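One letter stands for each residue in the lines below.
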Amino acid sequence: MSEALFPRNFRKDYPEAVRGEGCFVYTGDGRKILDACGGAAVVSIGHGVEAVARAMGEQARELAYAHSSQFITQAAAELARRILELAPANFRDSEDGPGRVYFTSGGSEATETALKLCRQYFLERGEPQRTEFLSRSQSYHGSTLGALAVSGNIKRRTPFEPLLPKWEHIVPCYCYRCPLGLQYPECKVDCAEDLERHLAPDSEGRVGAFFVEPLSGATLGAVPPPAEYLPRIAKICRQQNILLVADEVMTGMGRTGKPFAVQHWDLKPDIILAGKGIASGYAPLGAVIVTGRVARAIERGSGTFLHGFTYGAHPVSTAAGLAVLDYIAEKNLFARVPSAGEELRAALEPLKQLPIVGDIRGLGLLVGIELVREAKTREPFSAEAGMARKIYDAALARGVLTYPIQGCVDGARGDHILLAPPFVISSDEMRFLRDSLYEAVADVSRMNA
Ligand SMILES: Cc1ncc(COP(=O)(O)O)c(C=O)c1O
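Residues numbered from 1 in each chain as written. Predicted model: local features only at pLDDT ≥ 70, side-chain atom pairs only at ≥ 80, totals over all residues. Heavy atoms only, no water.

Focus: the domain arrangement of the chain
Quite often, the size of an interface is put as the accessible area lost when its parts meet. By the assigned domains, the chain splits into domain 1 (17–48 + 335–447) and domain 2 (56–330). Distance from the C-alpha centre of domain 1 to the C-alpha centre of domain 2: 26 Å. Taking both sides of the interface into account, the surface hidden between domain 1 and domain 2 amounts to around 2900 Å²; carbon and sulfur atoms contribute 56%. Scanning the region where domain 1 abuts domain 2 turns up 1 salt bridge. A salt bridge links E370 to R177; the shortest N-O distance between them is 2.7 Å. In this assembly, domain 1 and domain 2 are joined by 20 residue pairs in polar contact (both at pLDDT 80 or more). At the level of secondary structure, the elements contributing two or more residues to the side of domain 1 that touches domain 2 comprise α1 (38–41), α11 (333–348), β11 (357–363), β12 (366–371), β14 (403–406) and β15 (415–419). Counting residues per element, the side of domain 1 that touches domain 2 draws most heavily on β11, at 5 residues. Tallied by class, residues from the side of domain 1 that touches domain 2 come to 21 nonpolar, 12 polar and 5 charged. (Domains from an automatic or database assignment. Buried area = accessible area lost by both parts, 1.4 Å probe. Salt bridge = Lys/Arg side-chain N within 4 Å of Asp/Glu carboxyl O. Polar contact = N/O pair within 3.5 Å; in protein donor to acceptor, adjacent residues only side chain to side chain. Helix = DSSP H or I, 4+ residues; strand = E, 2+ residues; numbered from the N terminus. Nonpolar A, V, L, I, M, F, W, Y, C, P; charged D, E, K, R; others polar.)

Considering the site of the ligand
Around the ligand lies a shell formed by G106, G107, S108, Y140, H141, G142, E213, D247, V249, M250 and K276. Between S108 and the ligand, the recorded distance is 2.6 Å, taken from a side-chain N or O atom to an oxygen atom. Measuring from a nitrogen atom of the ligand, one finds a side-chain N or O atom of D247 at 2.7 Å. Out of a free accessible area of 390 Å², the ligand has 83% covered by protein chains. (Near = heavy atom within 4 Å. Areas by Shrake-Rupley, 256 points an atom, 1.4 Å probe, with all protein chains shown as cover.)

Observations regarding the pairing of strand β2 (residues 24–27)
Residues of β2 alternate between two faces, with F24 and Y26 on one and V25 and T27 on the opposite face, all of them buried. Alignment of β2 against strand β3 (residues 32–35), held across 3 bridges, turns out to be antiparallel. Following the sheet pairing, Y26 is matched in β3 by K32. Taking the residues that link successive antiparallel strands as the turn, the β2-β3 hairpin has 4 residues, and the phi of G30 there is positive, at about 85°. (Buried < 20%, exposed > 50% of the residue type's maximum accessible area, 1.4 Å probe, protein only. Pairing = 2+ DSSP bridges.)

Remarks on the packing of aromatic side chains
Per the counting criterion, the structure on display carries 6 aromatic pairs. Their ring planes at 80° and their centres at 5.1 Å tell us that F133 and W167 sit as a pair that is edge-to-face. With a gap of 34 residues between them, F133 in strand β5 (residues 132–136) and W167 in the loop between α6 (154–157) and β6 (169–170) connect regions that are remote in the sequence. A relative accessible area of 5% places F133 in the buried class. With 6.2 Å between their ring centres and 90° between their planes, F133 and F211 make a pair best called edge-to-face. Here F133, found in strand β5, pairs with F211, found in strand β7 (residues 207–212); they are 78 residues apart in sequence, far enough to count as distant. Three or more aromatic residues link up through ring pairs in this structure, and these residues are F133, W167 and F211. Over the face of the ring belonging to F24 we find K32, whose NZ or CZ atom lies 4.4 Å from the ring centre. Directly above the ring of F122 sits R130, whose terminal nitrogen or CZ lies 5.1 Å from the centroid. (Phe/Tyr/Trp six-rings, centres within 6.5 Å; stacked < 30°, edge-to-face > 60°. Lys NZ or Arg CZ within 6 Å of the ring centre and 35° of its normal.)

Notes on the pattern of salt bridges
This structure, assessed with the given rule, holds 28 salt bridges. D359 serves as the salt-bridge partner of R361, at 2.9 Å between the closest nitrogen and oxygen. Residue classification places R361 among the buried positions, given a relative accessible area of 7%. A salt bridge links E439 to R398; the shortest N-O distance between them is 3.1 Å. Linking E439 in helix α13 (residues 427–447) with R398 in the loop between α12 (387–397) and β13 (400–401), this pair joins segments that are 41 residues apart in sequence. Here the salt bridges share partners, and the residues they tie into one network are R177, D359, R361 and E370.

Looking at the environment of R446
Along the chain, R446 falls in helix α13. You can call R446 exposed: its relative accessible area is 57%. The spacing of R446 and L333 is 113 residues in sequence and 39 Å in space, taken between C-alpha atoms. Reaching out from R446, the side chain makes a polar contact with the side chain of D443 at a distance of 2.5 Å.

A short note on the packing of α11 against α13
Their axes nearest at 9 Å, the elements α11 and α13 cross at an angle of 30°. Looking at the two axes, α11 sits roughly parallel to α13. You can see that α11 and α13 cross each other, and the crossing is right-handed. Taking contact as the criterion, the partners of A340, E343, L344, A347 and L348 in α11 are, on α13, S427, M430, L433, R434 and L437. Of the residues that constitute the contact of α11 with α13, the class distribution is 7 nonpolar, 1 polar and 2 charged. (Axes fitted to C-alpha atoms, helices over the stretch in contact; angles between N-to-C directions. Parallel < 35°, antiparallel > 145°, perpendicular 65-115°, else oblique. Left-handed = near helix turned anticlockwise from the far one by under 90°. Contact = heavy atoms within 4.5 Å.)

Printed below as a string of structure tokens:
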């Protein structure tokens, strides 16, 4: 049936997803699967919410499409207003006036937009030499070429490297395997100083911005930074006059227990990228949230941002985003995430007894489980062992969907699985997740002993 589809992986058999309800996805062959990862940390309010489907249908019937170079729509304007309300205060009140929101069709487009916006910001300010962008090794900011260039993930970059600009990456903040061989707190978060070390030789000011995921999401497995890390990064960016771009495509829209993860550390980035949870998967949507300072540079300068997508600020997608926010407000779902996250991590505690579970970490409902050959030495499995994929298969066989990723140690070795369930996950569903995952990990562990 699917012969005409170009699959993500030609060697994999994909079940057919036919229906979603709450935390569950139902397949064509009659299975009911607990979506413990929200697809890819996307589904926040749960599957099958009728109010969102209705809002999308109403918008499609009223006006399905309008090009953003010709019209604005009520749905996009209202969603932008609501997102600014959720954003850190510097996106609303600043001497340059309130911020703005630019809508895209997803996270990679948001990163591309931010790269070009930062570039144009500096052009408008008379600093044309700022053509480079820094980020962290092991990071992931998207799959298009610009977004991949600013990503540090070796496996996803390497085949395409001849096509990517050579921008530098600083070490990530990853205490379980500190890339500098240090220990917190004695290290005094020296990994943040790596940004200063990279900027020091840049006497001409060639760097325009630093991109950072507040929690390394997909590629390191939900690593929360120590409290001092991001404030120090922000201070360095301010001192060096470079823009700070917080990539919250995965962590934003409530996933970590605050509307945006930077709010855990009272950070004031210049730009925040959102995606995934912004429309909870009901429609393709991403957003670039910019401060008044950045918006005003374009407004008072040339007046035109030289950038645009045919589907930017799509009426049906933004209507979906609005309906998702309404549902979150109605059910008070942002407030549910911190306690649900704690409950989930407590439920997962027994997994730590399994010999191949090295670390369980995260914030809110974003959890990473790192798998190791031996917990004491933290030695990773070889890449060929494909442990994350084996856990994925074993968990799926028990009716639980997880998000497996490899490469957290050095781009090739290092396995983890990501959990990012819908915010509505119940205590019973958490117990089912814990029991199924425990059995799956124990089975795979036995087979690899
Ligand atoms: C932090 C981050 N940025 C950007 C992206 C790219 O988003 P998309 O897949 O919607 O293009 C992702 C996707 O996983 C992500 O996690």
